[in-house]
Amino acid sequence: MFGSEDVPGNFNVDPRSGVPLYTQLIDQVKRSIAVGALAPGERLPTVKQLAVDLTVNPNTVARAYRDLERDGVIETSPGRGSFVRGSDVAQTRRTVADVAAVALEAAIRDARSIGVERPALEALVERLIERWYSVGERR
Amino acid sequence: MNPIVIESLNKRYGQFEAVRDVSFEVPAGSICGLLGPNGSGKSTTFKCALGLTRADAGRIFLDGAAPRPQMFERLAFVPERSALYERFNGAEHLEMARRAYRSYDPARASAMLDIFSLDPKKRVSRLSKGQRTALALVVAFALRPAIMVLDEPASGLDPIHQRAVLDLLIEAAAMGTAIVLSSHQIGQVERAADRVVILKRGRVVLDGELDELRGREKLIEAVFAAPFDPERFTADARIRRVERRGATLRLYVHADPDGVMRDVGALAPASLTLLDQNLEELFFSAVEEPRPATLEAR
C-alpha cells in the first residue's frame, strides 16, 4: 500500500548508523509483517532489486534473507523468489515479539546508562503500559 | 579460491616501507573498500596486486592465478590519475576497448555515456577532471569484468554522478564481480561496501566484513564519581584503545562488548553507555594516534 508497486513493504536502511545493515533490514521486514504491510504469501523483492533500490551491497540483502529464512519468517524457492511464510499465529506472535524486544532493549539500556535504578524503572514501565494500553482500549 | 587474494604483501621504496604484511581477500559479488590516509599504501597495494610494480614479498592471486597478461581480459582497473589518451575522444577509447576485450558490451557503453552526460566526440584533452573519471568508468563498466580495481573512482564527480557510480558498483556486484576500491568518501564506502580494509602507514589496522565490524566494534563510555584506575583495561585483549578525560572513561571495544559492559558496570560508574560506531568513527579510531597525554589531563 505504501512504497512503490514493485517493492512491497517500505524498506530503508541507515548506513551511517552503527547497527549492521542486515540487522536493520531484518527488523524492517519483521515490522512490515507485524503491521500487515507484508501479507503472508507476498513476494519479496529479489536480492538484486532490493540492493539496487536501497543502494546497499547485494551480500547484505542476501544475508538478511538467509537469516529471515532460518528464523522461519520467509521462504525461498529456487527460481521463484522469496515469500512471506503462510499465516501461522505462533510465528506472527514471535515476529511481533522480536520487533518489540529490539525497541524495548534499547530503551532499557538507555535508562540503565543514565543510572535509573531497577525499582524506579519497573514502576515507570508499569505506568507507561497503563497509559498506552488504556488509550488503545478506550478506542 | 576468491577472485582477489593478497597474501603478506611487502614493498619498499628505498628506506620507505610502503606496505608491510598486507593481506586480504575479496569474494565474488563483494565490494571491498580500501581506506587509509594519504600515503598509507593504498595505491602501492593496487599496483603490486596488478603486477604494475614488483612486490618485495608476498603472493597475489587474481581469478585463481598469479597476475598475467591474459588476466587483463577479465579485469578492469581505473587508476587514480586516468590512463586516457589526451588526443583521443571517448568514442575512440570505447572502440579500442571493443577490439581488445571480447566481453565489451556496446549497449552498456552507450547507456553509460548517457548516465554520465558525456559527449563521445570530445577529445580527452578538453574534458574536465570529473569527465575524465567518468570516461574511465564508462570503459571499465562496459567490459563487464570479473574483477574491478578502482582507485578513487569518484574523484571530481558531482554528487549525482557519484550516486550513479554506487548504483553501477552494486549492479556489478550483484552480477558476481569482485570489486576493490579506494576512496576518501567514507559515506560511499559505507553504503556500497560489504567489507573494508583500513591501512595506516602501510599496515592493515582494521579489516573484515562491515556488518560484522558494526556488530562488534563499540564505544563504551563510563563516567565515574569516585577516582578510578583505567590501567586494568589497557591490557585487555577485547579493548582496542583506552581514553580517559577527567572522570570519563572511553573504551574502544572490538570484541565481546556485553562482557566489557558487565566488567565496567561492576565498578559502579555513575553512568555507563554503549555506543554504536559507524564507519567514519571506526576509521578515525583505527587511524588516529592516541591523543598526547597533555591534552587529556585536565
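The notes below deal with the structure included here. For clarity, every value in this text was computed on a predicted model and none was experimentally measured. (Residues numbered from 1 in each chain as written. Chains lettered and ligands numbered in written order. Predicted model: local features only at pLDDT ≥ 70, side-chain atom pairs only at ≥ 80, totals over all residues. Heavy atoms only, no water.)

**Comments concerning the interface of chain B and chain A**
Here's step 1: Tallying the contact residues gives 30 residues for chain B and 23 residues for chain A.
Here's step 2: Considering only the surface of chain B that becomes buried against chain A, Ile170(B), Arg191(B) and Asp211(B) emerge as the three largest contributors, covering 28% of it.
Here's step 3: At the boundary of chain B with chain A, the tally comes to 2 salt bridges.
Here's step 4: Residues Glu280(B) and Arg16(A) are paired through a salt bridge, measuring 3.1 Å at the closest nitrogen-oxygen approach.
Here's step 5: At the junction of chain B with chain A, the criterion picks out 12 residue pairs in polar contact (both at pLDDT 80 or more).
Here's step 6: At the level of elements, helix H5 (159–174), helix H6 (186–192), helix H7 (210–216) and strand E13 (271–276) of chain B are the ones that each hand at least two residues to the side of chain B that touches chain A.
Here's step 7: In terms of residue count, the dominant contributor to the side of chain B that touches chain A is H5(B) (7 residues). (Contact = heavy atoms within 4.5 Å. Buried area = accessible area lost by both parts, 1.4 Å probe. Salt bridge = Lys/Arg side-chain N within 4 Å of Asp/Glu carboxyl O. Polar contact = N/O pair within 3.5 Å; in protein donor to acceptor, adjacent residues only side chain to side chain. Helix = DSSP H or I, 4+ residues; strand = E, 2+ residues; numbered from the N terminus.)

**Quick notes on the sheet that holds strand E7 (residues 178–182) of chain B**
All names here are of chain B.
Here's step 1: Sheet architecture is open: 6 strands sit in the order E5-E6-E7-E3-E8-E9, paired in mixed fashion. Of all strands in the sheet, those bounded by a partner on one side alone are strand E5 (75–78) and strand E9 (203–209). Sheet twist, expressed as the average angle between the axes of neighbouring strands with direction ignored, equals 10°.
Here's step 2: As defined by bridge partners, strand E6 (residues 147–151) adjoins E7 across 5 bridges and the pair is classed as parallel. Following the sheet pairing, Val149 is matched in E7 by Val180.
Here's step 3: Each of strand E3 (31–35), E6 and E7 is contacted by H5, which is oriented at about 150° to E7, the strand it contacts most.
Here's step 4: Sitting on the sheet, helix H10 (residues 279–287) is in contact with E3, strand E8 (195–200) and E9, with an inclination near 30° to E8. (Pairing = 2+ DSSP bridges. Axes fitted to C-alpha atoms, helices over the stretch in contact; angles between N-to-C directions.)

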